[in-house]
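Tertiary structure, described
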Amino acid sequence: MHELSIATNVLEFAEEFAREHHVTKIKRIDLEVGQLSGIVIDSLKFAFEFAVKNTVLEHAEVVITVVPGKSKCLQCETVFDIVDWSTICPACHSTDFEILDGKEMQIKSIFID
């Protein structure tokens, strides 16, 4: 389960942020997770429950926004939604495309008291 290591990395970043801003509690953290990132959202939420005990994130609201997959066909340049890696271009049926969105995992914002 790589979601636990992701939760741990987010926690480490949040703790460093808290130290730099001289706070002991983070109220909320917003994450963006791409639909094509391979991250299982429910597993990530479950991992956070264990990773944040007795930390600055223990009582924080964790808000996860899923970023839909979007790609551009390299043959006809059509931009289209992509839900998995086996999607084909709806215009020309090519499988040669570039992913534009949906692979990311990032901390979007942190709210403190």
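Our subject is the structure listed above.
In this report, we go over the structure that sits alongside the text. (Residues numbered from 1 in each chain as written. Predicted model: local features only at pLDDT ≥ 70, side-chain atom pairs only at ≥ 80, totals over all residues. Heavy atoms only, no water.)

Turning our eyes to something else, we now look at the overall build of the protein chain. Secondary structure summary: the protein chain contains two helices and six strands in total. Listing the helices and strands of the protein chain from first to last along the sequence gives α-β-α-β-β-β-β-β. A compact globule built from 113 residues should have a C-alpha radius of gyration of about 13 Å, whereas the protein chain, at 17 Å, is more than 25% larger. When burial is assessed residue by residue, the protein chain has 37% of its 113 residues classed as buried. (Helix = DSSP H or I, 4+ residues; strand = E, 2+ residues; numbered from the N terminus. Rg over C-alpha atoms; globule rule 2.2 N^0.38 Å. Buried < 20%, exposed > 50% of the residue type's maximum accessible area, 1.4 Å probe, protein only.)

Describing two packed helices takes the angle between their axes plus the distance from one axis to the other. In contact at an axis separation of 8 Å, helix 1 (residues 2-20) and helix 2 (residues 41-51) are set at 55° when each is read in the N-to-C sense. Relative to helix 2, helix 1 is oriented oblique. You can see that helix 1 and helix 2 cross each other, and the crossing is right-handed. Residues Glu3, Leu4, Ile6, Ala7, Val10 and Leu11 of helix 1 lie in contact with helix 2, whose contacting residues are Ser43, Leu44, Ala47, Phe48 and Ala51. When the residues that make up the contact of helix 1 with helix 2 are grouped by side-chain class, the tally is nine nonpolar, one polar and one charged. (Axes fitted to C-alpha atoms, helices over the stretch in contact; angles between N-to-C directions. Parallel < 35°, antiparallel > 145°, perpendicular 65-115°, else oblique. Left-handed = near helix turned anticlockwise from the far one by under 90°. Contact = heavy atoms within 4.5 Å. Nonpolar A, V, L, I, M, F, W, Y, C, P; charged D, E, K, R; others polar.)

If you trace the three strands from one edge of the open sheet to the other, you get 2-1-6, paired in mixed fashion. The open sheet has two edge strands with one neighbour each: strand 2 (61-67) and strand 6 (105-112). Within this sheet the neighbouring strands show an average axis-to-axis angle of 15°, counted without direction. Sheet topology places strand 1 (residues 26-34) next to strand 2; seven bridges connect them, and they run parallel. Opposite Ile29, over in strand 2, you have Val62 as the bridge partner. Here helix 1 sits on the sheet in contact with strand 1 and strand 6, set at roughly 40° to strand 6. (Pairing = 2+ DSSP bridges.)

Attention now goes to the nonpolar core. The biggest cluster of nonpolar side chains holds 24 residues, and the ones touching the most others in it are Ile26, Ile29, Leu31, Leu44, Phe48 and Leu57. Those elements that provide at least two residues to this core are helix 1, strand 1 and helix 2. No other element matches helix 1, which puts seven residues into this core. When residues no more than four places from it in sequence are discounted, the contact partners of Leu57 are Leu11, Ala14, Ile26, Ile29 and Val52. Of all hydrophobic cores here, the second largest spans seven residues; its members include Cys73, Phe80, Ile82 and Cys89. (Core = buried A, V, L, I, M, F, W, Y, C linked by side-chain atoms within 4.5 Å.)

Moving on: the environment of Phe50. Looking at the element boundaries, Phe50 is found in helix 2. Overall, the relative accessible area of 53% leaves Phe50 in the exposed class. Each C-alpha atom of the pair Phe50 and Thr95 lies 40 Å from the other, and the pair is 45 residues apart in sequence.

Looking at the element boundaries, Ala91 is found in the loop between strand 4 (79-81) and strand 5 (97-101). Separated by 16 residues in the primary sequence, Ala91 and Gln75 have C-alpha atoms spaced 9.8 Å apart.

So far we have only geometry, and geometry alone does not tell us how the molecule works.
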